[in-house]
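# Survey of secondary and tertiary structure
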Amino acid sequence: MKSTIKKIVDLAMMVIIVILMAYFITGREFHEYIGTAMLALFIEHTILNYKWYKAMFKGKYSPYRIYNLILILALVVAIVLLGYSGITMSKYAFWFLPAWDGVATARRIHLAASYWFYILTCMHLGNHFSLMANHMKKSFTELVVKSCKRK
């Protein structure tokens, strides 16, 4: 069950990041709500992968493991900056919070963090590409076998 939830959360995050990059098509209000959903999914993703954080400082560190650690920590920094700056600029999703004077600064932080988040996410997905490809191949094979058995 947890594995299925992880897959759904990961897929939802992949779809949402593309939608978020289409700000000029979706508009501000939808962008704020879907960005809030992305932040919630990121928190859920972190909770579901707590074992990685628990083992973060255990064992030997190969160059790849160091690279992966830096990458994930950079992703965490980027999403925290995105969440904070997005919430401070919000007019719809967080309308009940008091206005912040530094909206221009928040906008610069949000734009820079969003581009870095997109790049870092692509790198993170690249690290897991073979795992995703193998899973998709296995799922497709199981689907074909099941459909052949029905006939």
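For the structure, check the block above.
Residues numbered from 1 in each chain as written. Predicted model: local features only at pLDDT ≥ 70, side-chain atom pairs only at ≥ 80, totals over all residues. Heavy atoms only, no water.

## What to know about the packing of aromatic side chains
Heads up, the condition is: Centres within 6.5 Å make a pair out of two Phe, Tyr or Trp rings, where for Trp the six-membered ring is used; the pair is then stacked when the planes are under 30 degrees apart, edge-to-face when over 60, and tilted otherwise. Consider the ring centre and the ring normal. A charge sits over the ring if Lys NZ or Arg CZ is within 6 Å of that centre and within 35 degrees of that normal.
Scanning the entire structure with this criterion turns up five aromatic pairs. Ring geometry for Y23 and F24: centres 5.3 Å apart, planes at 80°, overall edge-to-face. Grouped by ring-pair contacts, the aromatic residues F94, W95 and F96 constitute a single cluster. In this arrangement the basic side chain of R65 is found over the ring face of Y61, its NZ or CZ atom lying 4.1 Å from the centre.

## Looking at the environment of W100
So the rule is basically this: Secondary structure elements are taken from DSSP: a helix is a run of H or I of four residues or more, a strand is a run of E of two residues or more, and numbering for both begins at the N terminus. With a 1.4 Å probe rolled over the protein chains alone, any residue whose accessible area is under 20% of its type maximum counts as buried; one over 50% counts as exposed, and the rest are partly exposed. Contacts are assigned to residue pairs that have any heavy atoms within 4.5 Å of one another.
On the secondary structure map, W100 appears in the loop between α5 (63-89) and α6 (103-127). We classify W100 as partly exposed; its relative accessible area is 34%. Between the C-alpha atom of W100 and that of T88, which follows or precedes it by twelve residues, the distance is 6.1 Å. When residues no more than four places from it in sequence are discounted, the contact partners of W100 are T88 and A106.

## A few points about the pattern of salt bridges
Put simply, the rule reads: Here, a salt bridge means any Lys or Arg side-chain nitrogen found within 4 Å of an Asp or Glu carboxyl oxygen.
One pass over the full model with this rule turns up one salt bridge. Its salt-bridge partner being E32, residue R28 comes within 3.1 Å of it at the nearest N-O pair. Linking R28 with E32, this pair stays in helix α3 (residues 28-48), spanning four residues, or about one helical turn. By relative accessible area, E32 is classed as buried at 11%.

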